[in-house]
Amino acid sequence: MLNPSDYPALAALAAVLRHGSFDAAARALSVTPSAISQRIKALEDRLGAPLVLRGTPCTGTATGLRLARHMEDLGLLEAQLAQDLGQDRTQNVPRAPLRLAVNADSLATWFCAAMAGHDGPLYQLYIDDQDHSADWLKRGDVVAAVSARATAVPGCDLYPLGALRYHAVATPDFVARYFPDGITAAALTTAPALNFDEKDRLQSTWAAAQLGHPVPLPAHRIPSTQGFVDAALAGIGWGLNPVDLLAQHLQAGRLVALSPEPTDIDLFWHVSRLNKSVLAPVTSAVTAAARARLTQSKSPA
């Protein structure tokens, strides 16, 4: 079990894993690299487990990462306590990073507005597919996540955000070459698609909805939201892109929609109840940015 005397070592551990080296951690904590090393070594000896894998950069073992997350969570709670008591944290106290999981398309279209809407935390973002970003929260790696999961992660509160709207697009020449007869099984099994990564099912789900049954899609792997748009503009393949990134290209005729109907992906904000009060200002900023930028469902009159 941890005890209060371990906290200087935990702070050193978190700093090493955050900054990637003992020297950088020492500068952040205003101590010597030797002090950082001694604190971590003493904690490793007491726990009987290695915590840091020395390298460039330094990385954490499973135990080290878990302890560092614990220390950062304590930092968030201490910041909230200071705020509740009307006390300002001194400037030389390192701010704990706010660990969040976000899908890449949200980051490219609206989530930066959410971060700008709440000035204060140091954001540490983990990018994953919207169908998998909540898994980071389930593992305890982050304290909140933007996800397409419509049911709350255990131990978390859920806030509907709205829908990120997509169009399946390609260049006019690409459409003329591969889709002369419209969206057919033969065309989709021949025309190169674009996938963000191995988890991306957006194109295959869209294709199955168009045909009424799944088909295998030949696909390029383009792990970048802007790269996705650029690849479509270059005529490399077809793919679903957020409408916010397409408006000018569609208007200019550089890209055309394969189908007039958009695809809406509902998104939700999952936030740990343990950190709910700490994250309340962030939650407010996220929901406000989502209301301004995402497609909102129309309530019945």
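Residues numbered from 1 in each chain as written. Predicted model: local features only at pLDDT ≥ 70, side-chain atom pairs only at ≥ 80, totals over all residues. Heavy atoms only, no water.

Turning to the packing of aromatic side chains, a few remarks are in order. Applying the stated criterion to the full structure yields six aromatic pairs. Pairing Phe174 with Tyr178 gives two aromatic rings, centres 4.6 Å apart and planes at 40°, and the pair type is tilted. Pair noted here: Phe174 and Tyr178 are both in helix 7 (residues 172–178), with a separation of four residues, about one helical turn. The exposure class of Phe174 is buried, given its relative accessible area of 4%. On the accessibility criterion, Tyr178 (16% relative accessible area) is buried. The rings of Trp110, Phe111 and Trp269 are connected pair by pair, giving a single aromatic cluster. Positioned above the aromatic ring of Trp136 is the side chain of Arg139, whose terminal nitrogen or guanidinium carbon lies 4.9 Å from the ring centre. (Phe/Tyr/Trp six-rings, centres within 6.5 Å; stacked < 30°, edge-to-face > 60°. Helix = DSSP H or I, 4+ residues; strand = E, 2+ residues; numbered from the N terminus. Buried < 20%, exposed > 50% of the residue type's maximum accessible area, 1.4 Å probe, protein only. Lys NZ or Arg CZ within 6 Å of the ring centre and 35° of its normal.)

Next up on the list: the pattern of salt bridges. One pass over the full model with this rule turns up 10 salt bridges. The salt bridge involving Arg46 is made with Asp6; its shortest N-O contact spans 2.4 Å. Linking Arg46 in helix 3 (residues 33–47) with Asp6 in the segment before helix 1 (7–19), this pair joins segments that are 40 residues apart in sequence. Salt bridges sharing partners connect three or more residues here, namely Asp157, Arg273 and Lys276. (Salt bridge = Lys/Arg side-chain N within 4 Å of Asp/Glu carboxyl O.)

Structurally, Trp238 is set in the loop between helix 10 (225–233) and strand 9 (239–242). Considering only alpha carbons, one finds Trp238 and Ile265, 27 residues apart in sequence, at a separation of 18 Å.

The description of two helices packed together rests on the angle between their axes and the distance between the axes. Packing of helix 2 (residues 22–29) against helix 3 leaves a shortest axis separation of 8 Å and a crossing angle of 105°. Considering the angle they form, helix 2 stands roughly perpendicular to helix 3. Taking contact as the criterion, the partners of Phe22, Asp23, Ala25, Ala26 and Leu29 in helix 2 are, on helix 3, Pro33, Ile36, Ser37 and Ile40. (Axes fitted to C-alpha atoms, helices over the stretch in contact; angles between N-to-C directions. Parallel < 35°, antiparallel > 145°, perpendicular 65-115°, else oblique. Contact = heavy atoms within 4.5 Å.)

What follows covers helix 2. For helix 2, the set of buried residues is Phe22, Ala24, Ala25 and Ala26. Its buried side turned inward, helix 2 meets helix 1, helix 3 and strand 1 (52–53). Structurally, the start of helix 2 carries an N-cap: the backbone nitrogen of Ala24 is 3.0 Å from a side-chain oxygen of Ser21. Ser30, located one to two residues past helix 2, shows a positive phi value of around 60°. (Polar contact = N/O pair within 3.5 Å; in protein donor to acceptor, adjacent residues only side chain to side chain.)

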